[in-house]
Every structure is written in structure tokens, then in C-alpha cells.
Amino acid sequence: MRITKFPNEFINAIPVLKSIQKAGFEAYFVGGCVRDTLLGIPLHDVDIASSAYPAEIKEIFKKTVDTGIEHGTVMVLDHGEGYEITTFRTESTYQDFRRPDHVTFVRSLEEDLKRRDLTINALAMDADGNVVDLFDGLSDLKNRVIRAVGDPHERYHEDALRMMRSIRFMSQLDFTIEDETENAILANAELLEKIAIERIHVEWIKTLLGKNPNAGVAEFIKTNLYKYCPEFDQYKEQLNKIAAIPNLSLANENQCWTLIGHEFGLSPQATTVLMRKWKSSKELINQVEATQTALENETGLLNSEVLFETGLELTLDANHIKHLLGDNQVTDQQVIERYDALPIKNNSDIALTGTDLIKELSMHPGPQIGEILAKVKKMILNGQLKNEHQELIKFVSQNY
Ligand code: ATP
Ligand code: MG
């Protein structure tokens, strides 16, 4: 099989492959970029594999950076672009079902492709577009099948993260999983406990953000992987409910956790605790707490105070979750219009400050100032006061 229509990323990188070949070595595009080219979808990154050792790559190119030299990766800088070139390698002595302790550089492409996780990820392509397909990855791509390279039990034993990756690609690409591969995950699911939660987290979120999260989440439950993720073993029924949401589609990680917290029946604060166990960032945790609070606010998302506190972006996320759950009362357009019409968008927009109260009304610093400003803000948002300095001063002097 030969690819004739190259994406631009490949066209730009071809001189780099040719330079390596001219020096007497092999060089190929490998992995995800070949898979995605064959599927006709945008590439994330272009990975190049070569028989040249890192020191040999550095002799060929003027500008290189040692980005991961101990794993065999050197970045070549060419016309303002950076290309990661990784020496063909095998990964030996896997301990604890995690990443290998050390890699061995080899001169054979076949050895390199053998260590890859899935047949669709084990394709290579040379500078002329010739595809190297040693494990029938092309037919699995055509039939839209997820299948481990070689013996799936062995592969999942070597690196248990591959089980999550298999589910992730199922969802991301909307593929089905081949029976033996699926059974091997079911048989080895508990090995996932050996994997760092940060790495599981990445794959779990990619599963939810994929093209077919309904199938991805269903498979995550069916294979028992959920049991070896923080806290999830208590929530099988709720995870099943998420898997069954009609046309489940999620656009960002904030939406994912807001949905999970809500469907698990957790308070926004309890969702925070769950997310900490998953080692989520503080920033994301705060966003989810605000989004879930808005989602569950009984006065609805068009309430000016809710909209002000939550902000437009997170309110739209909350509205998306509402729609997924069958509550279609408010459109995004209505949310945007109502937000645009808010008289103030930030606390700093209020035409009155604590300093004004102290200077102009001779008030004493203290908690009352904060209470007054909160009251004023509420009344501005509810249209009971105009956001004009004189009017606000008049209101405060008459009422306090
Ligand atoms: P994407 O970048 O879209 O997430 P990808 O296929 O490029 O998908 P990467 O995680 O970037 O995935 O890995 C690049 C390639 O390295 C894969 O296509 C696969 O061949 C190989 N690979 C990555 N992780 C593993 C692993 N845990 N076990 C075996 N091979 C792996
Ligand atoms: Mg990649």
C-alpha cells in the first residue's frame, strides 16, 4: 500500500527523512501520524523513527536538541519546525507492569513496531509513502478494529496502561474492540492499579472526549477497568447511567467532571474530593465546582446572579450538561444574550468601591463595607439599582 496524498505536516518533514536516508540510515513516519493520515483526520504530532542512533542523528543535522536522548529521542530543527526523531528501540525488562526500565536501541524497524500497543498504531510510512504493515494494522483500520499487537495478555502485562489506551482509542476513533483483546483486558484489569493515576487520568478524559464516549464508557465498565480507578468501584450503576446518556458528547474536561459529579450524586464539594484523588489541577477543580453549582442552582442558568458568579464559559458548559440530561429549557443563544446584557461582568465594574464608602461617606473600615458592596452588586444585577456612582452613593447614604 502506498499513500499518495500527504498531509502538509509530512510534506514539510520529508526533507528530514531524506537527509537521514542519504546518510545511509532508514527513517519512517510511525505511529499515530500514519494512522490518522490513513483515516483522513488531522495529525497531532509527527513522530519519526530511524535506524540511526542519537549520536548519528546529531552528526547529520546542524541544529538539534536533546529532548529525550536517554530514550533515543533527538529533536531536529528545520525551517523553524521541530521534528522528534526516535531511534528504533525495544523495551526490555518490564517490572511492575509499568513502563520499561530501560530501552535498547536496535537497527530493525520490525523490532520497533513489535513493541507498539495496537496494530493501528504499529504502522510506518517511508518518505515515498510506502506503508509498512507487519501486523495487519491496515485491515484493522479498514474494519475499524482495536487489536493488540501480538499476544494481548503479554502486552498488557508489559504495560497495563495499554488497557486504558485501548479503550481510549475505541472511543476516540469510534472503533470496536476485537474479542481476544477485550478478553485480555478483562483478565488483566487489576494490573491497572500499578499505573500512576496521572497517566490513567489522561486516557480516561480522552475516552470521554472521544467520538463515541457511550461505547468507551460502556467498555470501561464491561472490562472492569473502572474498579481499579480511584473511587469508581462504588459507582458502577452511575457509570452505566453515563454510558447510556443518548448521544453523549463532551467538549472539554470541565464538562466531563461536572457530569460525573452530578451523576454520581455528589455535592460540588464532594466532587472536589473525588477530583483530588484523580490528581486534577486546582484550577480545574475550581471550575468544576462552579459549573456543578450553577448546574444544580434551582433558579436556573439565566438568573443574573448565577450567570455573573459562574461566568459565560462555565455557564455554557453547565447548559451543555443540562441538555445531555434532557433539560432543554434554555438555549446557548439565550445564555449568551443574557450574559451580554448583564450590567456588570466583574466586581471591578461596580461603580462603587470600599474606598469610596470610607472617603465619601466617612464609613469605618470593617465587615459592613463588604456587606454593603455585596448588596449593591445584587441590586445592580437584578436591575434594582443603576450602576452609576452618584446613584449608588445616594442609595447607601439613605439606607445605612
Ligand atoms: P495521539 O497522539 O493522538 O494521542 P498516538 O498514537 O500518537 O495518538 P502517542 O501516545 O502519542 O499516541 O504515542 C505514539 C505512538 O507510540 C503510538 O502510536 C504507539 O505506537 C506508541 N505507544 C505509545 N504509548 C505506548 C504504550 N504504552 N505501549 C506501546 N506503544 C505505545
Ligand atoms: Mg501522538
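Residues numbered from 1 in each chain as written. Chains lettered and ligands numbered in written order. Predicted model: local features only at pLDDT ≥ 70, side-chain atom pairs only at ≥ 80, totals over all residues. Heavy atoms only, no water.

Draft legend 1. Up close: unusual backbone geometry. With a phi close to 50 degrees, H79 is a non-glycine residue in the positive phi region. Relative to the elements of secondary structure, H79 occurs in the loop between β4 (73-78) and β5 (81-87). Residue classification places H79 among the exposed positions, given a relative accessible area of 78%. Not every positive phi belongs to a glycine, and E231 is a case in point at roughly 70 degrees. (Helix = DSSP H or I, 4+ residues; strand = E, 2+ residues; numbered from the N terminus. Buried < 20%, exposed > 50% of the residue type's maximum accessible area, 1.4 Å probe, protein only.)

Draft legend 2. The arrangement of the packing of helix α12 (residues 253-263) against helix α16 (residues 312-324) in detail. As a packed pair, α12 and α16 sit with axes 10 Å apart at the nearest point and diverge in direction by 50 degrees. With respect to α16, the element α12 is oriented oblique. The hand of the α12/α16 crossing is right-handed. Two secondary-structure elements touch here, α12 through N254, Q255, T258 and L259 and α16 through L314, D317, H320 and I321. Residue composition of the contact of α12 with α16, by class: three nonpolar, four polar and one charged. (Axes fitted to C-alpha atoms, helices over the stretch in contact; angles between N-to-C directions. Parallel < 35°, antiparallel > 145°, perpendicular 65-115°, else oblique. Left-handed = near helix turned anticlockwise from the far one by under 90°. Contact = heavy atoms within 4.5 Å. Nonpolar A, V, L, I, M, F, W, Y, C, P; charged D, E, K, R; others polar.)

Draft legend 3. Focus on the UniProt feature "binding site: Mg(2+)" (unreviewed entry) in the protein chain. Under the UniProt annotation, "binding site: Mg(2+)" (unreviewed entry) lies at D45 and D47. Following the sequence through the fold, D45 ends up in the loop between α2 (32-39) and β2 (47-50). Accessibility expressed as a relative area gives 46% for D45, which makes it partly exposed. Checked against the element boundaries, D47 lands in strand β2. (UniProt positions renumbered as here; feature names shortened; annotations may be inferred.)

Draft legend 4. Examining helix α8 (residues 179-188) more closely. All buried positions along α8 are accounted for by T181, E182, A184, I185 and N188. Summarising the axial view, the buried residues of α8 lie within an arc of 160 degrees, below the 170-degree limit, and thus occupy one face. Facing away from the buried side of α8 by over 90 degrees, the exposed positions are D179, E180 and A187. Summarising the contacts, the buried residues of α8 are in contact with β10 (145-146), α6 (152-158), α7 (161-173), β11 (176-177) and α10 (213-222). (Arc of directions from axis to C-beta.)

Draft legend 5. Layout of the sheet that holds strand β3 (residues 64-68). Pairing is mixed in the open sheet, where seven strands are placed in the order β3-β4-β5-β2-β1-β8-β9. What marks the edges here is a single partner per strand, and that holds for β3 and β9 (131-132). With six bridges connecting them, β4 and β5 associate as antiparallel partners. Across the sheet, the residue bridging to M75 is E84, located in β5. Helix α1 (residues 8-22) rests against β1 (27-30), β2, β4, β5 and β8 (124-125) of the sheet, and its axis sits at about 150 degrees to β1. Most of the contacts of α2 go to β1, to which it runs at about 65 degrees, and overall it touches β1, β2 and β8. (Pairing = 2+ DSSP bridges.)

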